Every structure is written in structure tokens, then in C-alpha cells.
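Structural features, examined
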Amino acid sequence: KFEPNNEELIKQRTHKFAYNPKISIIVATFNTPTKILRDMLTSVLNQTYSNWQLCIADSSTKKTTLHMLEKFSKNDERIVVKFLNENKSITDSINEAIRLATGEYIAFADHYDTLAPFALFEIVKAVNENSNIEFIYSDEDKISKNAKKRFNPYFKPDFSPDLLRSCNFISHLSVIKRQLLDEIGYIRKDFEEAWDYDLILRCTEKAKKIIHIPKVLYHARYIKSPNTKLHSIDVARKALSEHLERIGLKGTVENLDRSGFYKINYDI
């Protein structure tokens, strides 16, 4: 009901913004199933805003994945792939992809997920409407494994530091101004299992302006996976503890019964 129809999407393609920044989308791939990989690549190619760059760092061993990435990158120069020829860690892969980026803004996506066709248009619209904007995030939903069903819409609040210290409520789609990312540093190696949470905490500490776009711009693919490992919970706790130190708040981080949720016990 609330998303643009085909007519509106066509209008977006010819819309002229006063400022047209390049958005570099960062993706790490590893033996991604071809149907799922095609969905992700096509969702970027279908964007109504055209000044984008898709930066992929690939560690695949599957020939089908490698061939598809080669094919898409040859057909569109905006798709840049670095073949790593080894299975690097997620932090190394994402950092390699960031180094390929030439855009003024950096967006992060997972290789299993897709973007709404109007996602980048809404990002650039927000940039044009807000001076000093350095961090942007949107609402999201889930898609089934075959991408035919959308469900579990996640309508987020505007920025809330206390909620962020309780859980990673921001997640996708996150977009960071390149200058801010260069200032705070890229993905930290010790935070692999919670790299996005750590990055968002560090970005929001420094960002001059944080904007929430209350529209579903991101579709996260739902694939059943094992319960969150205890190690990833500990890594997220470490990220939160260091966040408190950086901003000068004293307290301890407590795990709650529900995985991925925390409570800060502040020193009185």
C-alpha cells in the first residue's frame, strides 16, 4: 500500500537531485547459491537511482558463483569484483570490498539479501534534504528462501542510543558517509561475529546527524540457522563495553535471556 507503484518508479528514474552522490554498496560473497546471488545482483541493477557502485569481495571456490560474478561485472562496469582466491574472514573480505569503493556514501548488504528498487533513491533524497547527514538507516523485512514471500516487517524507531545499547536494532539498511568511515576505521578483526554491531556503535558515537528512513528498503532472506553461538554474544558484549568506555559511561553489560539482547547496569 505504501510503496511506489511502477509509474512512480519510472518517475524516480528521471528525477534530478541537486546533489547526486555515488553510493558504494559493500558485499562479501562466498559460494553463494546462483539463484540467491542473481537476486542480490539484480536488486542492485534494478535501482531507480543510477549513480551507484557494487563492490564485491569474493572468496568462493564454486565455479558457478565465480562465473556469475564474472558475467555480471563484465556486463556493467559499476559492478566491481575482487577475487580473493582464498577463504578470508568476513572482516577481511568486507574491508577488501570497502577499499574498492569510490563513493561518497558506503552501504552494507549481505550476499543473501536484496534491496527494494527505490532504496538508493530514498537514501539520496534524505541526503539532499538533510545537511551534515553522516549515518542513515531504514526499516526492513524478511523474504522467504525462494524470495516469493515477504513477511516480518521491522518498523524501527528514530535513533535511540539506549535501545542500541540493548540490541542491534539498526542492522539493515545502514549507510555511512565515507569521511566518517575513514575517520573511525573499517571492520575490526576482533569483532568478526558482531562486526556490524561494533561498526554501528562506533559510527553513531561520532556522526553529526543520524537519519532514520521509515520505509522498508531492505529484504533480509530468512534461512534457518543454528542458534547464536555463545562466542558471538560475548563479542557483542565486548563491543558494548568498549562503546561505554569511549563515551565515558561507567557500567557493566549483562546478557539477557533472549539472545542478542543486553542490559547496561550503569554505575550510580
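The sections below set out a description of the structure shown in this document.

Scoring rules and cut-offs
Residues numbered from 1 in each chain as written. Predicted model: local features only at pLDDT ≥ 70, side-chain atom pairs only at ≥ 80, totals over all residues. Heavy atoms only, no water. Helix = DSSP H or I, 4+ residues; strand = E, 2+ residues; numbered from the N terminus. Rg over C-alpha atoms; globule rule 2.2 N^0.38 Å. Buried < 20%, exposed > 50% of the residue type's maximum accessible area, 1.4 Å probe, protein only. Contact = heavy atoms within 4.5 Å. Areas by Shrake-Rupley, 256 points an atom, 1.4 Å probe, with all protein chains shown as cover. Phe/Tyr/Trp six-rings, centres within 6.5 Å; stacked < 30°, edge-to-face > 60°. Axes fitted to C-alpha atoms, helices over the stretch in contact; angles between N-to-C directions. Parallel < 35°, antiparallel > 145°, perpendicular 65-115°, else oblique. Left-handed = near helix turned anticlockwise from the far one by under 90°. Nonpolar A, V, L, I, M, F, W, Y, C, P; charged D, E, K, R; others polar.

**Focus on the overall build of the protein chain**
- Per the secondary structure count, the protein chain includes 9 helices and 11 strands.
- By the compact-globule yardstick of 18 Å for 268 residues, the protein chain fits well, its C-alpha radius of gyration being 18 Å.
- Along the three orthogonal principal directions, the C-alpha set of the protein chain runs to about 60 × 45 × 35 Å.
- Taken across its 268 residues, the protein chain has 49% of its residues classed as buried.
- Taking all contacts inside the protein chain whose residues are at least 6 apart in sequence as the whole, residues at least 24 apart take part in 76%.
- As presented, the protein chain carries roughly 14000 Å² of accessible surface, and 50% of it is formed by carbon and sulfur atoms.

**What to know about the packing of aromatic side chains**
- One pass over the structure, following the stated rule, counts 6 aromatic pairs.
- With a centroid separation of 5.1 Å and 50° between ring planes, the pair formed by F17 and F121 is classed as tilted. Here the residue F17 occupies a position in the loop between α1 (6–14) and β1 (23–29), and F121 occupies one in helix α5 (residues 119–129), the gap between them amounting to 104 residues. Like F121, F17 is buried.
- Ring centres of F135 and Y137 lie 6.5 Å apart, and the angle between their planes is 45°; on these two criteria the pair is classed as tilted.
- The class for Y137 is buried, based on a relative accessible area of 0%.
- An aromatic cluster of three or more residues is present, and its members are F17, Y49 and F121.

**Some remarks on the environment of Q47**
- Within the secondary structure, Q47 sits in the loop between α2 (34–45) and β2 (52–58).
- Sequence separation between Q47 and H172 is 125 residues, and the spatial gap between their C-alpha atoms is 17 Å.
- Leaving out residues up to four positions away in the same chain, Q47 has contacts with R13, W52, L115, A116, P117, F118, A119 and L120.

**Looking at unusual backbone geometry**
- Between H172 and the following residue, L173, the backbone shows a cis peptide bond with an omega angle of -10°.
- The phi dihedral of N85 falls on the positive side, at around 60°, and the residue is not glycine.
- One non-glycine residue, N152, adopts positive backbone phi at about 50°.
- With respect to the helices, strands and loops of the structure, N152 is situated in strand β7 (residues 150–154).

**Re the packing of α2 against helix α3 (residues 63–75)**
- Orientation of α2 relative to α3, taken along the N-to-C sense of each, is 20°, at an axis distance of 10 Å. It follows that α2 is roughly parallel to α3 by the angle criterion. Crossing of α2 over α3 shows right-handed handedness. Seen from α2, the contacting residues are T34, L37, R38, L41, T42 and L45; seen from α3, they are T64, T65, M68, L69 and F72.
- In terms of residue class, the contact of α2 with α3 is built from 6 nonpolar, 4 polar and 1 charged.

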